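# Tertiary structure, described
Here's the letter readout for the chains.
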Amino acid sequence: DHVARELARTPGTPQPIVTLITVDPRRDTPEVVAKYARNFNPAFEGYSGNEAAIDELAGVVGIAVMRGTPDASGDYMVDHTSAVFVFDPQGRMRGILTSPLTVANLVHDYRLVAGAQP
């Protein structure tokens, strides 16, 4: 939300469409992910799907996903790459934003990827 407000201050900077796709579809239904994403900003989108499709997407994009073995209560850990992946409107990956994910760094890097002045 802070990033969107900062980007809006610069005329000519295209506004991003922020989409969160879960890597844990066993627990994260489409409704759960959509609600989670909207907690950050009502315009954010959240999606889930079947595990095979999500694993395929993760592999194509280069996201590491490791799901642990369920314990006696059925609980398990999920570890994954922590980054923001930037795609253009044609679906081409344009950048990967990594730590530190501060507002200033995200805005600067997004402007570079979007072709706007940093």
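Predicted model, so just to flag it, every value in this text is computed and none were measured.

All right, on to the confidence of the model for the chain then. For the chain, mean pLDDT is 88; residues scoring 70 or higher make up 97% of the total. Of all the helices and strands in the chain, helix α1 (residues 2-8) carries the lowest mean pLDDT, 79, while strand β2 (residues 45-47) carries the highest, 96.

Taken as a whole and judged by the stated rule, the model has 5 salt bridges. The residue Glu51 makes a salt bridge to Arg26 at a minimum N-O spacing of 2.8 Å. You can see Glu51 sitting in helix α3 (residues 51-61) and its partner Arg26 sitting in the loop between β1 (19-21) and α2 (30-40), a full 25 residues away along the chain. For Glu51, a relative accessible area of 25% puts it in the partly exposed group. Between Asp55 and Arg67 there is a salt bridge, and its shortest N-O distance comes to 2.8 Å. Remark: Arg67 occurs in strand β3 (residues 65-67) and Asp55 occurs in helix α3; sequence separation between them is 12 residues. What makes Asp55 partly exposed here is its relative accessible area of 33%.

Another aspect to go through is the packing of aromatic side chains. One pass over the full model with this rule turns up 1 aromatic pair. Seen from their ring centres, Tyr36 and Phe40 are 5.2 Å apart, and the 85° between their planes marks the pair as edge-to-face. Linking Tyr36 with Phe40, this pair stays in helix α2, spanning 4 residues, or about one helical turn. Residue classification places Phe40 among the partly exposed residues on the basis of a relative accessible area of 48%. For Arg26, the ring lying beneath its charged end belongs to Tyr76, and the centroid distance is 5.3 Å. Its end group placed over the ring of Tyr76, Arg27 keeps NZ or CZ at 3.8 Å from the ring centre.

Cut-offs used in this document
Residues numbered from 1 in each chain as written. Predicted model: local features only at pLDDT ≥ 70, side-chain atom pairs only at ≥ 80, totals over all residues. Heavy atoms only, no water. pLDDT = per-residue confidence, 0-100. Helix = DSSP H or I, 4+ residues; strand = E, 2+ residues; numbered from the N terminus. Salt bridge = Lys/Arg side-chain N within 4 Å of Asp/Glu carboxyl O. Buried < 20%, exposed > 50% of the residue type's maximum accessible area, 1.4 Å probe, protein only. Phe/Tyr/Trp six-rings, centres within 6.5 Å; stacked < 30°, edge-to-face > 60°. Lys NZ or Arg CZ within 6 Å of the ring centre and 35° of its normal.

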